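Structural overview
Spelled out, the chains give:
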Amino acid sequence: MVKDDCIFCKISKGDIPSATIYETADFRVILDVAPANKGHVLILTKEHFDNIFQMDAETAGKLFSLATVVARAIKEETGCDGLNVLQNNGEVAGQTVHHFHLHLIPRFKDDEVVIKWEPKETVAEEQQALAKAIKKYI
Ligand code: 5GP
Ligand code: ZN
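Calculation rules
- Residues numbered from 1 in each chain as written.
- Chains lettered and ligands numbered in written order.
- Predicted model: local features only at pLDDT ≥ 70, side-chain atom pairs only at ≥ 80, totals over all residues.
- Heavy atoms only, no water.
- Donors = N, O, S within 2.8 Å, 3.2 Å for Na, K, Ca; no water.
- Tetrahedral: all angles 85-135°; square planar, octahedral: opposite > 155°, others 65-115°.
- Helix = DSSP H or I, 4+ residues; strand = E, 2+ residues; numbered from the N terminus.
- Buried < 20%, exposed > 50% of the residue type's maximum accessible area, 1.4 Å probe, protein only.
- Pairing = 2+ DSSP bridges.
- Axes fitted to C-alpha atoms, helices over the stretch in contact; angles between N-to-C directions.
- Patch = residues over 30% accessible without salt bridge, like charges linked within 9 Å, V, L, I, M, F, W, Y side chains within 5 Å.
- Areas by Shrake-Rupley, 256 points an atom, 1.4 Å probe, with all protein chains shown as cover.
- Salt bridge = Lys/Arg side-chain N within 4 Å of Asp/Glu carboxyl O.

**Digging into the coordination of the zinc ion (ligand 2)**
Distances from the zinc ion (ligand 2) to its protein donors, namely Cys6 (SG), Cys9 (SG), His48 (ND1) and His99 (ND1), fall within the range 2.0 to 2.3 Å. Its 4 donor atoms give the zinc ion (ligand 2) angles of 104 to 115 degrees at the centre, a pattern that matches the tetrahedral case. In primary sequence terms, the donor set of the zinc ion (ligand 2) follows C-x2-C-x38-H-x50-H. One end of the pair, Cys9, is in helix α1 (residues 7-13); the other, His48, is in the loop between β3 (41-45) and α2 (57-78), and 39 residues separate them in sequence. His48 matches Cys9 in its accessibility class, with the two residues each being buried.

As structure tokens, this is what we get:
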């Protein structure tokens, strides 16, 4: 399915040009136009999914398999010291383009990229109860 007025539908199908690294029947791997670091890559699905909640397990499996290959390619070329895999779902989570995409962000010692949260305290029994509560939907 393709969504009208979705920029990533147009880019993934090749209707809008992009710096494409690689392409399969299901995905297009491109450079982010406004990268966190040089070599910041996006893997776009060719099918339109708004977010992870809509994505099927088969596509997700293929996606992560491809991500491992692309991550190694980024490391080879950039010589990065590490890499963040990031994927935002919903405005509140920082998603700005509502077509599923995976970020691969190469990281370098002393770069100024910030991916950070304040850790919250937990109580063991509450954690066990929450784990069980979530599990019932799986
Ligand atoms: P999000 O915030 O939705 O997780 O990430 C959207 C990403 O898409 C941003 O990093 C942004 O720079 C990138 N982006 C937005 N529009 C375009 C575009 O037209 N071309 C490319 N290559 N990247 C884009
Ligand atoms: Zn789309």
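**Overview of the sheet that holds β3**
Spatial ordering of the open sheet is given by β1-β2-β3-β5-β4, a layout of 5 strands whose pairing is antiparallel. Edge positions in the sheet fall to β1 (20-23) and β4 (82-86), since each of these pairs with one other strand and no more. Sheet twist, expressed as the mean angle between neighbouring strand axes with direction ignored, is 15 degrees. As paired elements, strand β2 (residues 27-31) and β3 share 5 bridges and run antiparallel to each other. Its bridge partner being in β3, Leu31 is matched across the sheet by Val41.

**Some remarks on a nonpolar patch on the surface**
Taken together, Ile21, Tyr22 and Leu31 make up a surface patch of nonpolar side chains, about 290 Å² in accessible area. Inspection of the secondary structure puts Tyr22 in strand β1.

**Looking at the pattern of salt bridges**
Per the counting criterion, the structure on display carries 8 salt bridges. Across the salt bridge formed by Lys62 and Asp26, the nearest N and O atoms sit 3.1 Å from each other. One end of the pair, Lys62, is in helix α2; the other, Asp26, is in the loop between β1 and β2, with 36 residues separating them in the sequence. With a shortest N-O distance of 2.9 Å, Asp111 and Arg107 are connected by a salt bridge. Take Asp111: its relative accessible area is 19%, and that puts it in the buried class.

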